[in-house]
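Listed here are the chains, written in short residue letters.
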Amino acid sequence: MSDFIPFLSLAPQHEPLRAEVLAAVARVYDSNWLVLGEEVAAFEREYAAFSQVTYCVGVANGLDAMVLALRALGVGPGDEVIVPSNTYIATWLAVTQVGATPVPVEPDPATANLDPDRLPAALTPRTRAIIPVHLYGQACRMPEIMAFARQHGLWVVEDNAQAHGAAFAGQLTGSFGHLNATSFYPGKNLGALGDAGALTTADAALAQQLRVLRNYGSQEKYHNEVVGYNSRLDELQAAVLRTKLPQLPRWTAQRQQLAAWYNHYLADIPGLHRPRTASGATHVYHLYVVRHARRDALQRYLTQHGIGTLIHYPIPPHRQPAYAPLALPAGAFPIAEELAATSLSLPLWPGMSEAQVATVAGAIREFAASAG
Ligand SMILES: *Cc1c(COP(=O)(O)O)cnc(C)c1O
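Residues numbered from 1 in each chain as written. Predicted model: local features only at pLDDT ≥ 70, side-chain atom pairs only at ≥ 80, totals over all residues. Heavy atoms only, no water.

Trainee: When you look at the site of the ligand in this model, what are you seeing that I'm missing?
Mentor: Lining the immediate surroundings of the ligand are N61, G62, L63, M66, Y88, A90, V133, D159, A161, Q162, S183 and K188. With respect to the ligand, the backbone of G62 contributes an N or O atom lying 2.7 Å from an oxygen atom. Taking K188, its side chain carries an N or O atom lying 2.7 Å from an oxygen atom of the ligand. For the ligand, whose unbound accessible area comes to 380 Å², protein coverage reaches 90%. Here the ligand is seated within the largest pocket. (Near = heavy atom within 4 Å. Polar contact = N/O pair within 3.5 Å; in protein donor to acceptor, adjacent residues only side chain to side chain. Areas by Shrake-Rupley, 256 points an atom, 1.4 Å probe, with all protein chains shown as cover. 1 Å grid on protein atoms, 1.4 Å probe; cavity = no way out; pocket = protein on both sides within 12 Å on 5 of 7 lines; lining within 4 Å. Sits in = over half its atoms within 2 Å of the grid points.)

As structure tokens, this is what we get:
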């Protein structure tokens, strides 16, 4: 179908940058220096400046970034970490990979972000850290989360994989927590040409620990102070990310314009819930997620009309077979389960047109009218 509207197309971002990105690749190729060199150091400086933090440490991917953060903070077996009940499973995997226990907290159903009012009920003497996730690109209510953490002596690690450039009360995500993780997986708002991730922090000592942990626990070659990882950002990916980073504000503005068009064209459709942004938060629309009671039928209808959609996420982590050992039963986190049953992510990517948004919205309106 010629007028198929895919869920995501990277082509409009990549085609105009083709010559610049290939020149960056050639620069690394010709340097013959491929791991932990000048490109990584330069990207770390540039991403730190973008994030308005002092330090950035490049790593292999977003999951590793969170694992390294928890390791650097000394979180491990016997410790509990508060996580959203409705996040991508990576947030939980980081906690279990360091041997700690994830303690899920339900989101505010209006925004799908961690509800700070529910933190006190999750607190135990074993709680060591909170991982707020800026889900879909909307900043969490970080000032309240940080105040709670300060009051109870907890670490905060933001999962900023979906929200590069979002802010709460004017402060950027990735600059609130003690250590903050992000991903540059290709489909994220800032994406590499493969896997990549980073941590941001204001703490010099923690940044130095992360540099050691990502590189075999070694500061000086063949001298290993701690049990580390091999989780380095490649020179090639760093060079590509350096080329793309200056475009990010423009791409974010396009995402926000597309979301505004969706909000307009999807207004007043009975039974359809559009995304809401909390007061004080900005949203960079990694995803534009609507909700509908007949979500599966809506998704089928859109597929039949040549419109690609995805579900973020169809099964909450506590209902995944991988986490059966945690013995968290169905019904334990009803808001997460409701969101999993009703959420649908619509096509949105920089370069998508207003006409395409109107086509998607028109199909949804038809579905709602026919479904009654
Ligand atoms: C993508 C993502 C991750 C994991 O990032 P990877 O680079 O794929 O490991 C973690 N958390 C959230 C919320 C994500 O969207």
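Trainee: Would you mind going over the pairing of strand β1 (residues 55-59) with me for this structure?
Mentor: Residues in a regular strand project their side chains so that they alternate between the two faces of the sheet. Within β1, four of the five residues are buried, which leaves it mostly tucked inside the rest of the structure. Two elements, β1 and strand β9 (residues 197-201), share five bridges in a ladder whose sense is antiparallel. Bridge pairing in β9 places G58 opposite A198. (Buried < 20%, exposed > 50% of the residue type's maximum accessible area, 1.4 Å probe, protein only. Helix = DSSP H or I, 4+ residues; strand = E, 2+ residues; numbered from the N terminus. Pairing = 2+ DSSP bridges.)

Trainee: Would you mind showing me how to read unusual backbone geometry here?
Mentor: With glycine set apart, most residues show a phi of negative sign, and most peptide bonds adopt trans. Here the amide bond leading from H312 into Y313 is cis, since omega sits at 10 degrees, within 30 degrees of zero. Structurally, Y313 can be placed in the loop between α11 (295-304) and α12 (334-342). Of note, Y136 is a non-glycine position whose phi angle comes to about 65 degrees, a positive value. Topologically, Y136 is positioned in the loop between β4 (127-130) and α7 (142-152). Residue Y136 is classed as buried on the basis of its relative accessible area, which comes to 8%.

Trainee: Any chance you could explain the domain arrangement of the protein here in plain terms?
Mentor: Each assigned domain of the protein is listed with its residue range as follows: domain 1 (11-246) and domain 2 (247-371). Here the C-alpha centroids of domain 1 and domain 2 sit 24 Å apart. With 42 residues of domain 1 at the interface, the matching set in domain 2 holds 39 residues. A combined buried area of about 3,400 Å² lies between domain 1 and domain 2, and 63% of that area is made up of carbon and sulfur atoms. Remark: the boundary between domain 1 and domain 2 carries zero salt bridges. At the surface where domain 1 touches domain 2, the tally comes to 21 residue pairs in polar contact (both at pLDDT 80 or more). The dominant element in the side of domain 1 that touches domain 2, judged by the number of residues it contributes, is helix α5 (residues 89-97), at four residues. For the side of domain 1 that touches domain 2, a count of residues per class yields 24 nonpolar, 14 polar and four charged. (Domains from an automatic or database assignment. Contact = heavy atoms within 4.5 Å. Buried area = accessible area lost by both parts, 1.4 Å probe. Salt bridge = Lys/Arg side-chain N within 4 Å of Asp/Glu carboxyl O. Nonpolar A, V, L, I, M, F, W, Y, C, P; charged D, E, K, R; others polar.)

Trainee: Where do I start with empty space enclosed by the protein in this structure?
Mentor: Taking a probe equal in size to a water molecule and rolling it over the atoms shows the remaining empty space. Under the counting rule described, the total for this entry stands at four cavities of 30 Å³ or more. What the largest cavity holds in volume is close to 140 Å³. If you trace the largest cavity, you find 17 residues lining it, with T111, A112, Y136, P275 and V289 closest to the centre. At three residues, strand β12 (residues 288-291) tops the list of elements feeding residues into the lining of the largest cavity. In terms of residue class, the lining of the largest cavity is made up of ten nonpolar, five polar and two charged. Per-domain counts for the lining of the largest cavity show at least three residues from each of domain 1 (11-246) and domain 2 (247-371). (Points joined across faces, edges and corners; volume = space filled by probe spheres on them.)

Trainee: Which parts of the structure should I look at to understand the nonpolar core?
Mentor: A general tendency of soluble globular proteins is for nonpolar side chains to be buried together. Counting 31 residues, the largest nonpolar core has L70, V75, V81, I131 and L199 as the members making the most contacts within it. For this core, the secondary structure elements donating two or more residues are β1, α4 (62-72), β2 (80-84), α5, β8 (179-183) and α8 (204-214). What L199 contacts, discounting residues up to four positions off in sequence, is Y55, C56, V57, V59, A65, L68, A69, N180, A181 and L210. (Core = buried A, V, L, I, M, F, W, Y, C linked by side-chain atoms within 4.5 Å.)

Trainee: How do you make sense of the sheet that holds β9 when you look at a structure like this?
Mentor: Across a sheet, paired strands are connected by hydrogen bonds in the backbone, their directions being either parallel or antiparallel. Taken in spatial order, the seven strands of this open sheet run β1-β9-β8-β5-β4-β2-β3, and their pairing is mixed. The open sheet has two edge strands, β1 and β3 (101-105), and neither has a second partner. Each strand axis lies, on average, 25 degrees off the axis of its neighbour in the sheet, ignoring direction. Set on the sheet, α4 makes contact with β1, β5 (155-159), β8 and β9; between it and β8 the angle comes to about 165 degrees. (Axes fitted to C-alpha atoms, helices over the stretch in contact; angles between N-to-C directions.)

Trainee: So what exactly am I meant to see when it comes to the pattern of salt bridges here?
Mentor: One side chain can pair with another of opposite charge once the charged atoms of both are near each other. For the structure shown, the criterion picks out eleven salt bridges. With a closest N to O distance of 3.9 Å, R141 and D115 form a salt bridge. Of this pair, R141 sits in the loop between β4 and α7 while D115 sits in the loop between β3 and α6 (119-122); the two residues are 26 residues apart in sequence, bridging distant segments of the chain. Classification of D115 as buried rests on a relative accessible area of 11%. Connected via shared salt-bridge partners are D115, D117, R118, R141 and E144.

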